[in-house]
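# Fold and geometry: a report
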Amino acid sequence: MKKLIKYWQIFWHMRRLHAMRMLEYRADFIFWLLISFMWTIFNFFFFAAIVNVTGVIAGWSTAEMYLLMAVFTILDSFIWSFFYNNMLQYTNDVFNGEFNKVLLKPIDSQFWLMTQNNNYANLLRFATGVGMLFWALRELELQPSILDFGLFLLLLSFSALFIYAVWFIISTLSFWVDKLDNINEIVPNVRRSFQVPHQVYTGIASTLFTVILPLGLVSSLPSEILLGRVSSWSTIFYFMTFTLITVLISRWFFNLSIKKYSGIAN
Amino acid sequence: MWNKWKTLYTRYFINAIEYRSELIVWFLLSVIPTLILILVWQSIFNSQGNIQGYGLGEIIQYYLLVIFIGELTASHFENWWVRMIREGKIDLFFTRPFSLQQTIFIGDLSRKTVYALLTLPLFAAIWWAMSQVWVIQPFNLSAAVLLGFVVCLAISYAIYFFMGLIIVFMGFWLEGAQSLEHFKWIIVTLLSGSFIPVTFLPDWLKNLVNLLPFKYMYAVPIGLLQGKTTISITELIYPLSFIVCLWIIAQILWRLALKRYTSAGG
Amino acid sequence: MSNSQAVISVKNLKKYFKVYKKEPGLWGSVKSLWDRTYEEVKAVDDISFEIEQGEIVGFIGQNGAGKTTTLKTLSGLLYPTAGEISVLGFNPWDRKSKFQKQFALVMGQKNQLWWDLPAMETFLLNKAIYEIPDAQFKKTFDTLVQLLAVSDILKVQVRKLSLGQRMKCELIAALLHNPKVLFLDEPTIGLDVVMQKILRDFIKAYNQEFNATIILTSHYMGDVKELCQRAIIIDHGHKIFDGQLDDIIERYARTKKLSLVLSKKVTLKELSKYGEVKDYSFPAVTLLVPRHQATKAAGKILNELPVQDVNIEEPPIEAIIREVFETKAAK
């Protein structure tokens, strides 16, 4: 219990430190605030244009697509805030031989790697996403219950956790290769896989994106809960279980990599 | 004189080969978002034959050509060169027989050659694989069309290059000038017809695209190959003048930078 | 004879590395995909020693001798190939929090201070990570700040500090948790003479104030001479000497190095009258002179030879190690 309190305190301590840093570089912060907002608008445009071609994508109406886009924006701004910088620092430390300082600290290494950094510039995006969400719900004249919202938040957390685990496993590969620039850009590059409704994936694509590596479910499942159109509860259960297993694998792989690092590194 | 160009070119060529495995990985990764987009279009078509003059096969062809043109003409050198400028590493260019601009150009050209050699076979394979799943129309080829296509490729490269050069030169004044790339990407993506065939754009945007010269980067060359557009020699004066304007701006920035850089004593 | 009081105990430590060999060039890279030949490097090859609380021990050896590897193993960063180690009663490899809170590894000038914030912020962060109780933190903090005289720069952003001020703050950050055991790897490398002295004085003071056990590695005899009573010489992964520093100097560092800068050419024969000529490339000359006569010889040289500059230094480690081997061989 004492440990949990310590980790909770350190987590917020780091957030405070990064807020101080952000104030140091105000211009930079405002710039990125605007750029990330610009990209959100662009993305919205992109999919709005496509949806408006026939008004329907894989059984999702225009307004339902907007809700999906809102959920994506919320999720995406979260992972850009909390995962991108941490993973970048993690892989850089490994490639530059600076990883020892992580191992020397009396704190769980995986926790430290995920909490040492963050970025506030995506706040505006996050707010936009939330705004879009409620606007879409109103357009659709939907009023999800508290239970629905609770379930939505739960599933959203699992989605974030899943992306984290996948990203962390990829980043941990940095222990095993000599050098791979832009290893941190792999996950951001496949974000489109969860910008679209999962019904878009058929055949082999479906097996790949909804079973083997269920990135396709990441935004769709939480959205379906709010929209009251859950296609399959077993899929939700599958996704949650898959996420937990991936998290366990990420920890196991990390420990394995540390062993290798300490055995052969100089 | 030819020898010194060859030497510079070869040096950058060898350098690019060093990173060959990375280049291949990145190419494959960058194809994924397009593949997903194609799946979206597939579900939009939903066994409809034709939407606003495009069949599914033509849409797929469209996006594959977007990849093709992008791979050959887009500029990615801003990050590296801005960093060189900010770190003061370009002193050599004031004494060497090559100007900074020439070096950036030759370097970019040779890197693109390596990239093309590595990725075109992959690209052809992907094209072939997709044509096994979907019906993709043959091209409307004739000497005139081919010529027009190549001219547009050159125009696209020139626009990308000079925009990139301007961004690089901004590095003499701005810390983090490479972030200006975001504006480049958004402008080009929105206004060149690279994210969706122009027909599907909302009217106001359609008019803007037709007004501005960016359409010659993607929309026009693809339209030529698909037999939906024609161009006349006289209309090329417009994009060419635009390129000249960009070139002028770049030269002005370079003169200003020279004055500032050398007077400050490096 | 094993001493149960020993804070650090190392028995038959071995650490071997597999280094993959790759031929240069493109073909070499391709070949290395399937043809992996490797070489085994014996970084540490059967070393044993014990260190008691409060000792400051110097590890001396040339680059690549195995000093850093030994320290990393004692810190739990590397897993020993063979042997037993114990630090403060812990097995370092377990990397238990309780262990990590009691030692510190300081390697060169690596930074842990946050660049854009005042040093105080990094200190408070470390306080949270190491779970240092308020009272203990205040006491240690006040002592360290006083020893290093930095009370006026704690609220200044680190990037605005001078190199020397930064070094002092890095030290504080590394020692806030008041470690009982300190591993210092080449601590003075890259520092100027003034900072070297500040650092050495501080290490002495820390040892006296807190009775901390310190292992210091260096390939400068100067460092070790200033700080350590005991020295362990490591060469090619083996321990070739373990004893009092004075002993080493008496027995194996019998010469001192005189570096001269000549203003006019002098013959080799002339120079040889003052000592053993190790190196002569005009205008620089390196002479080895018996230790006790070094100052006198320097005086004579200044009077009799056309010199611009004379420097008296400890002999290089290589010379000492050579002496150790030659003496052992002679036995």
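Per chain, residue numbering runs from 1 following the sequence as it is written. By the order in which they are written, chains take letters starting at A while ligands take numbers starting at 1. Where local features are concerned, this predicted model is filtered to residues with pLDDT of at least 70; where side-chain atom pairs are given and counted, the filter is 80 or more; whole-chain, interface and lining totals use all residues. Neither water nor hydrogens contribute to the side-chain values; these are computed over all heavy atoms in the structure.

## Considering the overall build of chain C
Numbering goes from the N terminus for both helices and strands, where a helix is a DSSP run of H or I of at least four residues and a strand is a run of E of at least two. For chain C, the count of helices and strands is 12 helices and 13 strands. The principal-axis extents of the C-alpha atoms in chain C amount to approximately 65 × 55 × 55 Å. Accessible area is worked out with a 1.4 Å probe on protein chains only. A residue is then buried under 20% of its type maximum, exposed over 50%, and partly exposed in between. Considering chain C as a whole, with its 331 residues, one finds that 52% of them fall into the buried category. Of all intrachain contacts in chain C linking residues separated by at least 6 positions in sequence, the fraction that spans at least 24 positions is 72%. Every accessible area reported is derived by Shrake-Rupley at a probe size of 1.4 Å, with residue values counting cover from the shown protein chains alone. A total accessible area of about 16,400 Å² is found for chain C, and carbon and sulfur atoms account for 50% of it. By definition, residues are in contact when any of their heavy atoms lie within 4.5 Å.

## What to know about the nonpolar core
The set of buried Ala, Val, Leu, Ile, Met, Phe, Trp, Tyr and Cys residues whose side-chain atoms join them within 4.5 Å is what this entry labels a nonpolar core. In terms of nonpolar packing, the biggest core is built from 260 residues, with F99 of chain A, W41 of chain B together with I8, L74, F123 and F183 of chain C touching the most fellow members. Those residues within four positions of W41 of chain B in sequence are excluded, and the remaining contacts are I50 and V53 of chain A together with L56, I59, Y63, I196 and F200 of chain B. The next biggest cluster of nonpolar side chains, apart from the first, holds 16 residues, and it includes L258, L262, V289 and V310 of chain C.

## What about the packing of aromatic side chains?
All names here are of chain B. To pair, rings of Phe, Tyr and Trp, with the six-membered ring standing in for Trp, must have centres within 6.5 Å; the planes then decide the type, stacked if under 30 degrees apart, edge-to-face if over 60, and tilted in the middle. For the structure on display, the rule yields 67 aromatic pairs over all chains. Both rings, one in F172 and one in W254, keep their centres 6.3 Å apart while their planes meet at 55°; by these two values the pair is tilted. Of this pair, F172 sits in the loop between helix 6 (143-170) and helix 7 (181-191) while W254 sits in helix 10 (residues 237-263), and the two are 82 residues apart along the sequence. Overall, the relative accessible area of 6% leaves F172 in the buried class. With relative accessibility at 8%, the residue W254 sits in the buried group.

## Here's the deal with the side chain of R15 of chain A
Considering the arrangement of structural elements, one finds R15 of chain A in helix 1 (residues 2-24). A positive count includes Lys and Arg, and a negative count includes Asp and Glu. His and the chain ends are not counted in either. Think of a salt bridge as a Lys or Arg side-chain nitrogen and an Asp or Glu carboxyl oxygen that are within 4 Å of each other. At 13 Å, E121 of chain C is the nearest oppositely charged side chain to R15 of chain A, a buried residue that forms no salt bridge. With sequence-adjacent residues up to four places away left out, R15 of chain A is seen in contact with F82, T115, Q116, N117, N118 and Y120 of chain A.

## Focus: helix 4 (residues 78-86) of chain B
Residue and element names in this part refer to chain B. Buried residues of helix 4: E78, W81, V82, M84 and I85, and no others. Along the axis of helix 4, the buried residues cluster in a sector spanning 155°; they form a single face. Two residues or fewer after helix 4 comes G88, characterised by a positive phi angle close to 70°. Each C-beta atom gives one direction from the helix axis, and the arc is the one those directions make.

## Description of the packing of helix 4 of chain B against helix 6 of chain B
Residues and elements named next belong to chain B. What counts as an axis is a line fitted to C-alpha atoms, over the stretch in contact for a helix, and the angles between N-to-C directions run from 0 to 180 degrees. Closest axis-to-axis distance for the helix 4/helix 6 pair is 8 Å, and the angle between their directions is 25°. Considering the angle they form, helix 4 stands roughly parallel to helix 6. Pair helix 4 / helix 6 crosses with right-handed handedness. Along its contact with helix 4, which presents E78, W81, V82 and I85, the element helix 6 presents G164, I167 and V168. Broken down by class, the residue content of the contact of helix 4 with helix 6 amounts to five nonpolar, one polar and one charged. If an angle is under 35 degrees, it is roughly parallel; if it is over 145, roughly antiparallel; if it lies from 65 to 115, roughly perpendicular; otherwise it is oblique. Handedness of a crossing follows from how the near helix is turned relative to the far one, being left-handed for an anticlockwise turn of less than a right angle and right-handed for a clockwise one. Throughout this entry, Asp, Glu, Lys and Arg are counted as charged residues, while Ala, Val, Leu, Ile, Met, Phe, Trp, Tyr, Cys and Pro are counted as nonpolar. The remaining residues, Gly among them, count as polar.

## Some thoughts on the pattern of salt bridges
Summed over the entire model, instances satisfying the criterion amount to 29 salt bridges over all chains. The salt bridge partner of D108 of chain B is K112 of chain B, with a shortest N-O separation of 3.4 Å. In this pair, D108 of chain B and K112 of chain B are both assigned in helix 5 (residues 100-133), four residues apart and thus about one turn of the helix distant. Neither D108 of chain B nor K112 of chain B differs from the other in exposure class; each is buried. Here D134 of chain C and K127 of chain C are joined by a salt bridge, their closest N and O atoms 2.6 Å apart.

## A few points about the side chain of S43 of chain B
Tracing the chain through its elements places S43 of chain B in helix 2 (residues 20-45). With relative accessibility at 16%, the residue S43 of chain B sits in the buried group. Whenever two N or O atoms come within 3.5 Å, that pair is a polar contact, provided that in protein one can donate a hydrogen and the other can accept it, and provided that, for residues adjacent in sequence, both atoms are side-chain atoms. Reaching out from S43 of chain B, the side chain makes a polar contact with the backbone oxygen of V40 of chain B at a distance of 2.7 Å. Discounting residues that sit within four places of it in the chain, S43 of chain B has contacts with I57, A58 and V200 of chain A.

## Let's talk about the interface of chain B and chain A
Taken residue by residue, the interface counts 29 residues in chain B and 32 residues in chain A. Carbon and sulfur atoms make up 81% of the surface buried where chain B meets chain A, a total of about 2,800 Å² over both sides. Accessible surface is computed with a 1.4 Å probe, and the buried area is the amount of it that two parts give up when combined, taken over both parts together. Taken as a group, W26, I36 and I186 of chain B account for 20% of the area that chain B buries against chain A, more than any other trio of residues on that side. Taken together, the links from chain B to chain A amount to zero salt bridges. Where chain B meets chain A, there are two residue pairs in polar contact (both at pLDDT 80 or more). Those elements that provide at least two residues to the side of chain B that touches chain A are helix 2 and helix 7 of chain B. Across the side of chain B that touches chain A, the residue classes tally to 20 nonpolar, eight polar and one charged.

Just geometry here; none of it tells us what the structure is for.
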